[in-house]
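Summary of structural features
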Amino acid sequence: MHMKNFKWIISFFIFASIVIGMKSPITKLPILERTDLSPIIMVPGSSAGENRFDYLISNLPPENDYFKHSLLKIKIDQEGRLQIRGNISIGDDEPIIVIAFKNNRDGYKNINQQAKLLGHAIIILKRKYNFNNFRALGHSNGGLIWTLAIERYINTSKIHLDCLMTIATPYNLENESYKRSQMLDELIDNRNRIPHNTTVYSIAGAQSYDTDGKVESDSVYSGKYIFQPRVKYFTEITVTGADTGHYNLPQNRQVIGIVSNYLCDNLARTNTFE
């Protein structure tokens, strides 16, 4: 073989190997190792403050039957500044963090702004306390704030949502159940941004057959259109009996039991960040 042709063939193979190497798909990234710290982060509904869950928290059983949950209470102003009260005790892997907003008014514009501030707060807390997984609870519009934040403002590839529990969250604000509100449509359109390897519980209160006195049951049940086709596990729970009015649900003994059994223990954890 002529030396010139031989050199040309060698050059071709070297070039081809470089190109193939550049275009080869990247193999699956290694799964991040879970941090032991896995906080439970609670968001109240409109008009409520950082003390909204005091009764619920004080009636949860101690972590591991002996260790009381640490408690942080945070209020965020419109500029994203965090006012933090409390601390996380050494050795507490399951602290509770309550995040409320200085502007806690109702309305889609305000709820979306609160979701953006919540995403901002999660970034700050992740850096400050060094955790990469968490569980979430929202009462009433707090559930909407969480859902919007997860879809728009929280990078769930960097911090994993193990479990979301919503209580009396009005996913559909239309009065007629056969119509869908703009917010519900947008939440459905963006549901693919919700991590699939998570668990969602949606709790509805029922003072009567169709309402908790403020939020229609059908509005709460509309959450299935967002979560059921997307997440690994989705469960609807209806609570009846005493203290099932909208504002009483965080103090309801059945609800406290559900939070304790399904949000506070290992049932809420997942093993991978897939």
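Residues numbered from 1 in each chain as written. Predicted model: local features only at pLDDT ≥ 70, side-chain atom pairs only at ≥ 80, totals over all residues. Heavy atoms only, no water.

The next point concerns the packing of aromatic side chains. Under the definition given, this model contains four aromatic pairs. Aromatic pair tyrosine 171 and phenylalanine 227: ring centres 5.9 Å apart, planes at 80°, arrangement edge-to-face. Of the two residues, tyrosine 171 sits in the loop between strand E6 (160-167) and helix H5 (182-189) while phenylalanine 227 sits in helix H7 (residues 224-227), which places them 56 residues apart along the sequence. Using a relative accessible area of 2% as the deciding quantity, one classes phenylalanine 227 as buried. (Phe/Tyr/Trp six-rings, centres within 6.5 Å; stacked < 30°, edge-to-face > 60°. Helix = DSSP H or I, 4+ residues; strand = E, 2+ residues; numbered from the N terminus. Buried < 20%, exposed > 50% of the residue type's maximum accessible area, 1.4 Å probe, protein only.)

Further remarks concern the nonpolar core. Formed by 41 residues in total, the largest nonpolar core has its most connected members in Ile99, Leu118, Trp146 and Phe227. For this core, the element with the highest residue contribution is helix H3 (residues 108-129), accounting for seven residues. Ignoring sequence-local partners within four residues, the contact set of phenylalanine 227 consists of Thr147, Leu164, Tyr171, Ile194, Val200 and Phe234. Of all hydrophobic cores here, the second largest spans 24 residues; its members include Leu60, Ile167, Val239 and Ile256. (Core = buried A, V, L, I, M, F, W, Y, C linked by side-chain atoms within 4.5 Å. Contact = heavy atoms within 4.5 Å.)

Okay, the pattern of salt bridges next. In the structure shown here, the tally under the stated rule is nine salt bridges. Here aspartate 162 makes a salt bridge to arginine 34, at a shortest N to O gap of 2.8 Å. You can see aspartate 162 sitting in strand E6 and its partner arginine 34 sitting in the loop between helix H1 (3-23) and strand E1 (40-43), a full 128 residues away along the chain. Neither residue differs from the other here; aspartate 162 and arginine 34 are each classed as buried. Note that glutamate 94 and arginine 135 form a salt bridge whose closest N and O atoms lie 3.1 Å from each other. One end of the pair, glutamate 94, is in the loop between strand E3 (82-87) and strand E4 (96-101); the other, arginine 135, is in strand E5 (residues 133-139), and 41 residues separate them in sequence. Take glutamate 94 and arginine 135: they sit in the same class, and that class is buried. Beyond isolated ion pairs, a larger network of salt bridges with shared partners links Glu50, Lys75 and Arg85. (Salt bridge = Lys/Arg side-chain N within 4 Å of Asp/Glu carboxyl O.)

The next subject is the sheet that holds strand E7 (residues 199-206). The strands that make up a sheet pair up through hydrogen bonds in the backbone, lying either parallel or antiparallel. Taking strand neighbours across the sheet as the criterion, the eight strands line up as E3-E2-E4-E1-E5-E6-E7-E8 in an open arrangement whose pairing is mixed. Both outer strands of the open sheet, E3 and strand E8 (233-240), are each paired with one neighbouring strand and no more. Within this sheet the neighbouring strands show an average axis-to-axis angle of 15°, counted without direction. Bridge analysis of E6 against E7 gives five bridges, and the strand direction is parallel. Its bridge partner lying in E7, cysteine 163 is registered against threonine 199. Each of E1, strand E2 (71-76), E3 and E4 is contacted by H3, which is oriented at about 145° to E4, the strand it contacts most. (Pairing = 2+ DSSP bridges. Axes fitted to C-alpha atoms, helices over the stretch in contact; angles between N-to-C directions.)

This part covers the pairing of E1. On E1, burial covers both faces: Ile40 and Met42 on one face and Ile41 and Val43 on the other are all buried. Pairing of E1 with E5, which is carried by four bridges, proceeds in the parallel orientation. Pairing of methionine 42 across the sheet is with leucine 137, part of E5.

Without other data, these values stay purely geometric and don't point to any function.
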